[in-house]
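Understanding the architecture of this molecule
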Amino acid sequence: MSDFASCNYLTLGENPEYRVSFFSRVTYSWYNRIIKLGYRKPLEREDLVELNGDDSSYSVIPAFEGNWRKEVVKQDRKDSGSKKASLVLALWHTFKSSLIQVALMKVVADVLAFTSPQILKSMIVFCEHPEDGVGTGYLLALALFIVTILQTLILQLYQRFNMLTAAKIKTAITGTIYKKSLNLASSTRRKFTIGEVVNLMSSDAQQLMDLSVNLNLLWSAPFQILLAIVFLWQELGASVLAGVAVLLLVIPLNAYIAAKVKQLKKSHLKSKDQRIKLLNEILHGIKRPVRNDPSPATILFSRGRSV
């Protein structure tokens with residue numbers, strides 16, 4: 001609260017995050033003013049702070065469009081033998097620094113998560129054989145406290161920056177698709193329905209955001225499993241192989257469930273596309289003859305399928 005109050009020179013709505021102390025940033029105490037204000041009355045637009053310049057769509061979308069144009073130019077160069085323009089490479093070049101920063105935070109958080117049990121193990125051994133003196137016990141307790149605090153801070157910073165990076169990716173995709181849809185030629189626009197464009201900006205962009213949030217699990221999950229097996233092997237020996245066998249047996253089941261979910265999502269998007277198309281025909285009066293207008297029963301049926 002005091003950090004926010006000290007920023008009296010800020011204009012109304014300006015984000016004070018990068019002008020407060022380090023402690024206020026990692027604990028989010030600069031946000032207390034908005035929480036207290038929201039407790040007293042419903043928040044309005046003027047009560048909120050603006051996004052940081054690097055996080056706003058005014059910065060994210062042009063940066064992504066510049067890298068996307070580079071990929072398109074590579075595609076147009078027939079003599080280079082390049083393949084289709086890569087959306088993944090464009091996203092990587094745009095958010096490379098943020099993704100690397102998030103991955104490093106995840107590595108440190110995972111290592112600290114396995115450090116605490118090792119300190120606890122040392123404390124148990126010390127309690128059983130306290131010949132090293134009381135000082136060793138105090139050092140172990142202090143180490144456990146520091147590691148736990150660091151793990152909590154780094155993990156919450158990882159989650160925040162991970163969600164922020166994923167939101168930037170969604171913003172870049174949504175803004176680029178929306179801008180492209182406004183500049184489509186009439187002949188090209190006939191190939192895409194309103195429902196398909198809306199799905200690209202909402203459902204598909206959201207799925208890409210969800211993928212970005214869980215992207216680090218591709219390497220973090222095996223890394224955590226490997227560390228857990230190593231430490232459990234030191235304590236249990238070959239008995240840990242039973243747990244590894246169960247883990248391997250569950251993998252095909254998870255793959256089957258993931259395939260089913262993917263199939264249902266595709267079916268849901270098709271039904272949603274059809275529903276949006278029917279609603280667009282009613283709202284904009286595309287089909288003039290009354291006999292061809294979609295009936296309420298047809299819309300309700302389409303709505304039921306999409307839900």
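Residues numbered from 1 in each chain as written. Predicted model: local features only at pLDDT ≥ 70, side-chain atom pairs only at ≥ 80, totals over all residues. Heavy atoms only, no water.

The name given to the protein in an unreviewed UniProt entry is ABC transmembrane type-1 domain-containing protein, with Ranitomeya imitator as the source organism.

Let's shift gears to the UniProt feature "transmembrane region" (unreviewed entry) in the protein. In the numbering used here, UniProt assigns the "transmembrane region" (unreviewed entry) feature to residues 138–158, 211–233 and 239–259. Between the end C-alpha atoms of residues 138–158 the distance is 30 Å, and the span holds 100% helix and 0% strand. Within residues 239–259, the helical portion is 95% and the strand portion 0%, while the C-alpha atoms at the span's ends are 32 Å from each other. (UniProt positions renumbered as here; feature names shortened; annotations may be inferred. Helix = DSSP H or I, 4+ residues; strand = E, 2+ residues; numbered from the N terminus.)

So, about the side chain of serine 24. Topologically, serine 24 is positioned in helix 2 (residues 22–27). We classify serine 24 as buried; its relative accessible area is 0%. A distance of 2.9 Å separates polar atoms of two side chains, one belonging to serine 24 and the other to serine 29. A polar contact of 3.1 Å, which involves the side chain of serine 24, links it to the backbone nitrogen of tryptophan 30. (Buried < 20%, exposed > 50% of the residue type's maximum accessible area, 1.4 Å probe, protein only. Polar contact = N/O pair within 3.5 Å; in protein donor to acceptor, adjacent residues only side chain to side chain.)

Before going further, it helps to spend a moment on the packing of helix 4 (residues 57–76) against helix 6 (residues 134–182). Two quantities define a packed helix pair, namely the angle between the helix axes and the distance between the axes. The interhelical angle for the contact between helix 4 and helix 6, taken along N-to-C directions, is 70°, at an axis separation of 9 Å. When the axis of helix 4 is compared with that of helix 6, the two are roughly perpendicular. Of helix 6, the residues touching helix 4 (which contributes Ser57, Val60, Ile61, Phe64, Glu65 and Arg69) are Lys168, Thr171, Ala172, Ile173, Gly175, Thr176 and Lys179. Looking at the contact of helix 4 with helix 6 residue by residue, the classes come out as five nonpolar, four polar and four charged. (Axes fitted to C-alpha atoms, helices over the stretch in contact; angles between N-to-C directions. Parallel < 35°, antiparallel > 145°, perpendicular 65-115°, else oblique. Contact = heavy atoms within 4.5 Å. Nonpolar A, V, L, I, M, F, W, Y, C, P; charged D, E, K, R; others polar.)

A separate point is the pattern of salt bridges. Tallied over the entire structure, the rule returns eight salt bridges. Ionic pairing is found between aspartate 55 and lysine 168, a salt bridge with its closest N-O pair at 3.1 Å. Separated by 113 residues along the polypeptide, aspartate 55 in the loop between helix 3 (32–40) and helix 4 and lysine 168 in helix 6 bring together distant segments of the chain. Comparing aspartate 55 with lysine 168, the two get one shared label, buried. Notably, a salt bridge pairs lysine 179 with glutamate 65, separated by 3.4 Å at the nearest N-O pair. Linking lysine 179 in helix 6 with glutamate 65 in helix 4, this pair joins segments that are 114 residues apart in sequence. Since its relative accessible area comes to 41%, lysine 179 is described here as partly exposed. (Salt bridge = Lys/Arg side-chain N within 4 Å of Asp/Glu carboxyl O.)

Attention shifts here to the packing of aromatic side chains. All chains considered together, the criterion is met by two aromatic pairs. A centroid spacing of 6.0 Å and a plane angle of 35° characterise the contact between phenylalanine 114 and phenylalanine 231, whose relative ring orientation is tilted. With phenylalanine 114 in helix 5 (residues 87–128) and phenylalanine 231 in helix 9 (residues 217–236), this residue pair connects regions lying 117 residues apart in the sequence. Between the NZ or CZ atom of arginine 160 and the centre of the ring of phenylalanine 161, over which it lies, the distance is 5.2 Å. (Phe/Tyr/Trp six-rings, centres within 6.5 Å; stacked < 30°, edge-to-face > 60°. Lys NZ or Arg CZ within 6 Å of the ring centre and 35° of its normal.)

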